[in-house]
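# Descriptive analysis of the structure
Residues per chain, in single letters:
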Amino acid sequence: MKKVLVLNGPNINILGVREPTIYGNATISNIEQQLKALAKELNLEIELFQSNHEGKIIDKIQNSLNDTSGIIINPAAFTHTSIAIRDALSCLEVPIIEVHISNIYIREEFRHKSYIAPITAGQIIGFGIDGYLFALKKIKSLI
């Protein structure tokens, strides 16, 4: 069974509380439940990981080098700042899809630059938590 790693960066753990007018009322638990159900339908193994710490995300990426068939990542604020996460991801030879709950291109200008985007198969942006589900379906076709 193919394994997909879903990575979430800082503040995703407080979805539902954090700026619900931008991010909605869904929680990380809601996202994870929906992803697990869809992964089962798609016959995929799924591993879910969230951290507010850049180094922990990098460690998770490095530890997945030999056992992951694809990565879905919402780097959150690290999208715009972390060359280190980009470098770790670029070591992988698997499809990567970047997801954002909000449309980063209609928000503050500093959010318009993604260090991750150039090394991904694509971005899914602005569709709320459905973006994760779209990404899982697409990554299935890429692996």
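Reference entry: report on the structure contained in this document. (Residues numbered from 1 in each chain as written. Predicted model: local features only at pLDDT ≥ 70, side-chain atom pairs only at ≥ 80, totals over all residues. Heavy atoms only, no water.)

## Here's the deal with the overall build of the protein
From N to C terminus, the protein includes five helices and five strands. Secondary structure elements of the protein occur, N-terminal to C-terminal, as β-α-α-β-α-β-α-β-β-α. In terms of overall dimensions, the protein is globule-like: its C-alpha atoms have a radius of gyration of 14 Å, near the 15 Å expected for 143 residues. Across its three principal directions, the C-alpha atoms of the protein cover 40 × 30 × 25 Å. Looking at the 143 residues of the protein, the share that counts as buried comes to 48%. When contacts within the protein are restricted to residue pairs at least 6 apart in sequence, long-range pairs at least 24 apart make up 76% of them. On the protein, roughly 7,100 Å² of surface is accessible, and the fraction owed to carbon and sulfur atoms is 50%. With 14 positive and 14 negative side-chain charges, the protein shows a separation of 4 Å between the mean positions of the two kinds. (Helix = DSSP H or I, 4+ residues; strand = E, 2+ residues; numbered from the N terminus. Rg over C-alpha atoms; globule rule 2.2 N^0.38 Å. Buried < 20%, exposed > 50% of the residue type's maximum accessible area, 1.4 Å probe, protein only. Contact = heavy atoms within 4.5 Å. Areas by Shrake-Rupley, 256 points an atom, 1.4 Å probe, with all protein chains shown as cover. Lys, Arg positive; Asp, Glu negative; His and termini not counted. Charge placed at Lys NZ, Arg CZ, Asp CG, Glu CD.)

## Notes on helix 5 (residues 130-142)
Taking 1.5 Å per residue as the helical rise, helix 5 with its 13 residues ought to reach 18 Å, and the 19 Å between its terminal C-alpha atoms agrees with that figure. Taken as a whole, helix 5 has its buried residues at Gly-131, Tyr-132, Leu-133, Ala-135, Leu-136 and Ile-139. On the buried face of helix 5, the contacting elements are strand 1 (3-8), helix 2 (28-41), strand 2 (45-50), strand 3 (70-74), strand 4 (96-100) and strand 5 (122-125). (Expected span 1.5 Å × (residues − 1).)

## Focus on the packing of helix 3 (residues 54-63) against helix 4 (residues 83-90)
The interhelical angle for the contact between helix 3 and helix 4, taken along N-to-C directions, is 5 degrees, at an axis separation of 9 Å. With respect to helix 4, the axis of helix 3 lies roughly parallel. Residues Glu-54, Ile-57, Ile-58 and Ile-61 of helix 3 form the contact with helix 4, whose own contacting residues are Ala-84, Ile-85, Ala-88 and Leu-89. Looking at the contact of helix 3 with helix 4, its residues break down into seven nonpolar, no polar and one charged. (Axes fitted to C-alpha atoms, helices over the stretch in contact; angles between N-to-C directions. Parallel < 35°, antiparallel > 145°, perpendicular 65-115°, else oblique. Nonpolar A, V, L, I, M, F, W, Y, C, P; charged D, E, K, R; others polar.)

## Some details on the sheet that holds strand 3
With respect to topology, five strands assemble into an open sheet ordered 2-1-3-4-5, the strand pairing being parallel. Strands at the two margins of the open sheet, each flanked by one partner only, are strand 2 and strand 5. Averaged over all pairs of adjacent strands, the angle between strand axes in this sheet comes to 20 degrees, irrespective of strand direction. Strands in contact with helix 2 are strand 1 and strand 2; relative to strand 2, the strand with the most contacts, it is inclined by about 165 degrees. (Pairing = 2+ DSSP bridges.)

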